[in-house]
Amino acid sequence: YALAMPSLGRRAFASGVGALTVLHALRARAANDAIGTFPLSLAFASIDGQRVQDSAWQQAELAEAERLYAPLGIQFRVVSERTLATPTTHLETRADRDALAVDCAPKVINVFVVASLRDVDDGVSVRRGVHWRSSQRPSQRYIIISSIAGPSVLAHELGHYFGNGHSAVTDNVMSYDRTGAEVFLDARQAATIRGAARLVLTSGEVTLAPSAAHD
C-alpha cells in the first residue's frame with residue numbers, strides 16, 4: 001500500500017534518498033579512484049610505565065576509521081608507535097596541547113593518546129578528542145584522543161582533519177548526539193574528505209604509506 005507523507009516529509013525523504021544516491025556514487029568512484037593509505041603515527045602517554053590504553057582499544061578505533069573511510073578510497077596504516085614522557089599524561093591547558101607539537105613526526109598524521117583532556121574553553125568538562133593546531137607552530141596540526149574515547153572518536157577527529165565541522169544529525173560521526181546505532185558519513189562530508197585528502201597530499205603535509213598489496 002502507499003503511505004501518504006506530509007509535504008515536508010516527502011521533501012526530507014527525497015533529500016535523504018538523493019544524499020544516499022550521491023554517497024553511493026562517490027563510493028563507486030572511489031573504488032576506481034582510490035586516494036591511498038595515510039600513515040598514522042601513534043604516541044601514547046603512560047602511567048607507572050603502562051600506556052593509558054591497550055591494543056584492543058587501539059584496534060577498535062582503527063577499525064571504525066577504516067569502516068567509514070575505506071569506501072571513500074582512503075585507508076590508514078600505523079607506521080610508528082611510541083610512548084610519551086609523563087608530563088604529557090594529563091592535558092589541562094592550551095599550552096599543554098601546544099607542547100605536543102615538538103613530538104610530531106613528519107609527513108604523517110600524528111595521533112596522541114593521553115590519560116585525560118580538559119575542555120580548554122570552560123576549564124571544567126573533559127573532552128574525548130580534539131583536532132589541534134599549535135599556536136606556537138601554526139603549520140603543525142595533530143589529533144589528541146583521551147583514554148576515555150569510544151571507538152568512533154578517531155574517525156570523528158579525522159573528519160575534522162579532512163575538513164569537516166560538526167553535524168547536528170544524530171548518529172552522524174561528526175555529531176555529539178548518538179543513539180548507539182552505527183555512525184555514518186553523508187555525501188557532502190564524503191566529498192569534503194576526498195577533496196581535503198588530496199590537498200593534504202599535494203601540499204606535502206603527508207606522504208602516503210605503501211598499500212598492503214605492495215608490502
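Rules used in this analysis
Residues numbered from 1 in each chain as written. Predicted model: local features only at pLDDT ≥ 70, side-chain atom pairs only at ≥ 80, totals over all residues. Heavy atoms only, no water. Helix = DSSP H or I, 4+ residues; strand = E, 2+ residues; numbered from the N terminus. Buried < 20%, exposed > 50% of the residue type's maximum accessible area, 1.4 Å probe, protein only. Contact = heavy atoms within 4.5 Å. 1 Å grid on protein atoms, 1.4 Å probe; cavity = no way out; pocket = protein on both sides within 12 Å on 5 of 7 lines; lining within 4 Å. Points joined across faces, edges and corners; volume = space filled by probe spheres on them. Nonpolar A, V, L, I, M, F, W, Y, C, P; charged D, E, K, R; others polar. Polar contact = N/O pair within 3.5 Å; in protein donor to acceptor, adjacent residues only side chain to side chain. Phe/Tyr/Trp six-rings, centres within 6.5 Å; stacked < 30°, edge-to-face > 60°. Lys NZ or Arg CZ within 6 Å of the ring centre and 35° of its normal. Core = buried A, V, L, I, M, F, W, Y, C linked by side-chain atoms within 4.5 Å.

**Here we look at the overall build of the protein**
Here is step 1: When you go through the protein residue by residue, the secondary structure sums to five helices and nine strands.
Here is step 2: When its helices and strands are written in sequence order, the protein yields α-β-β-β-α-β-β-α-β-β-β-β-α-α.
Here is step 3: Of all 215 residues assigned to the protein, the portion counted as buried reaches 42%.
Here is step 4: Taking the intrachain contacts of the protein between residues at least 6 apart in sequence as the baseline, contacts between residues at least 24 apart amount to 67%.

**With respect to the layout of surface pockets**
Here is step 1: In this structure, the largest pocket encloses a volume near 310 Å³.
Here is step 2: If you trace the largest pocket, you find 16 residues lining it, with Arg128, Gly129, Val153, His156 and Tyr176 closest to the centre.
Here is step 3: Sorting the residues of the lining of the largest pocket by element identifies strand S8 (129-133) and helix H4 (153-161) as the ones contributing at least two each.
Here is step 4: For the lining of the largest pocket, the element with the highest residue contribution is H4, accounting for four residues.
Here is step 5: Split into classes, the residues belonging to the lining of the largest pocket amount to four nonpolar, eight polar and four charged.

**Brief notes about the side chain of Arg194**
Here is step 1: The residue Arg194 is located in helix H5 (residues 187-203) in this model.
Here is step 2: There is a polar contact of 2.6 Å between the side chain of Arg194 and the backbone oxygen of Leu72.

**Overview of the packing of aromatic side chains**
Here is step 1: Scanning the model with the defined rule gives five aromatic pairs in all.
Here is step 2: For the ring pair Phe38 and Phe162, a centre distance of 5.3 Å and an interplane angle of 80 degrees mean the geometry is edge-to-face. Of the two residues, Phe38 is situated in strand S1 (residues 36-44) and Phe162 in the loop between H4 and H5; the sequence distance between them amounts to 124 residues. An identical accessibility class is assigned to Phe38 and Phe162; each is buried.
Here is step 3: Ring geometry for Tyr69 against Phe76: centres 5.4 Å apart, planes inclined by 80 degrees, an arrangement best described as edge-to-face.
Here is step 4: By relative accessible area, which is 10% here, Phe76 ends up buried.
Here is step 5: Taking the ring centre of Trp132 as reference, the NZ or CZ of Arg97 above it sits at 4.7 Å.
Here is step 6: Over the ring of Tyr161 we find Arg141, and its NZ or CZ is 3.8 Å from the ring centre.

**What to know about the nonpolar core**
Here is step 1: Counting 38 residues, the largest nonpolar core has Phe38, Tyr69, Phe76, Ile109, Leu158 and Phe162 as the members making the most contacts within it.
Here is step 2: When residues of this core are traced back to their parent elements, those giving at least two are S1, helix H2 (55-69), strand S4 (74-83), strand S6 (109-114), strand S9 (141-146), H4 and H5.
Here is step 3: Sequence-distant contacts of Tyr69, defined by excluding residues within four places in its chain, comprise Ile74, Phe76, Ala155, Leu158, Gly159, Phe162 and Ile193.

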